[in-house]
Amino acid sequence: YLEGSVKGLIAHWKFDGNLVDEISSLALTPINSAIYQDGIFNKGLTTDGNKFIIESSTLRNLVDGNTWTISFWINIAVPETSSTMIYLSRFDSSAAANGLRGGFNVAVMGSSHGTYPGKLRFERLYDSATWSTNYTTFSFNNYLNKWVNCVIVCFATGFSVYMNGSLDSTVTHNSSWVATQRFTGTAYENQIGIGGLFMHSGWGSSTNDGHGDIDDLRFYDRELSAEEVEKLYYAQYIQKGSISGSTDKYIAFKYN
């Protein structure tokens, strides 16, 4: 590991045959059976209707705060055509009588979406009632059955999205993020969902379930720089068939 890939790393799921975080031994709770497929590094975790819960007040506070980074790899072989595929979420989009709502979700749009086909979407509430809903220029339609690294870096007034080690977009606004409020006092207060739409009332529609495999899920309590994201991607990059005609795996170290 490079120094930048460790500093501030507070949770790291490798999914190498188990659901246990490498940092604090926090185990995910499976809602369905856990299926381990061939991953980007060793094993990966299949979504495709299989969903999982992270229960941690530390990570709950992290994603409700201003400064954090999430990194993960996904491999989508057969995408939904029109439905949104949600991979990470702690999200409530509907306004209650008192207006409380909030949260975030990371999703990939359906391959035939009219405006954003195959694009990664990051959505989060700021300024008490305004949604920051933004889509990558990168499209998974061009990377089916390939592992793709996704990194989202949040700061006080915006975020940056990196795809395969390169900056895709940065979005800024003039006010701070709004913490999720309607989870408070519920059975889901300290939870984050993997593999589908997870709300203050539990799992949402199965039409929004993620598809494919996920691997190497990381949470950082700081902003990773563009250089750190690039180094993280290249220093640990493994891709099947990266050498013509081979089914073996190779590691390409771009940096000493």
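Up top you'll find the structure we're talking about.
Residues numbered from 1 in each chain as written. Predicted model: local features only at pLDDT ≥ 70, side-chain atom pairs only at ≥ 80, totals over all residues. Heavy atoms only, no water.

A. Seen up close, the packing of aromatic side chains. Within this structure, the stated rule accounts for 17 aromatic pairs. Centre to centre, the rings of phenylalanine 138 and tyrosine 143 are 4.6 Å apart; their planes meet at 25 degrees, and the pair counts as stacked. Take phenylalanine 138: its relative accessible area is 11%, and that puts it in the buried class. With a centroid separation of 4.8 Å and 70 degrees between ring planes, the pair formed by tyrosine 233 and tyrosine 234 is classed as edge-to-face. Pairwise contacts between aromatic rings join Trp68, Phe104, Phe122, Tyr126, Phe159 and Trp177 into one cluster. (Phe/Tyr/Trp six-rings, centres within 6.5 Å; stacked < 30°, edge-to-face > 60°. Buried < 20%, exposed > 50% of the residue type's maximum accessible area, 1.4 Å probe, protein only.)

B. Structural detail: the pairing of strand E5 (residues 52-55). Taken together, the two bridges between strand E2 (residues 29-30) and E5 define a ladder with antiparallel strand orientation. Looking at E5, one finds that proline 30 is bridged to phenylalanine 52. Inspection of the sheet shows E5 paired to strand E14 (residues 191-194) by four bridges, in the antiparallel sense. When the bridges of E14 are listed, isoleucine 53 appears paired with glycine 193. (Pairing = 2+ DSSP bridges. Helix = DSSP H or I, 4+ residues; strand = E, 2+ residues; numbered from the N terminus.)

C. Expanded view of unusual backbone geometry. Although it is not a glycine, phenylalanine 15 sits at a positive phi angle of roughly 60 degrees. Non-glycine residue aspartate 216 carries a positive phi angle of around 50 degrees. With respect to the helices and strands, the residue aspartate 216 is situated in strand E17 (residues 213-220).

By themselves, these figures tell us nothing about what the structure is for.
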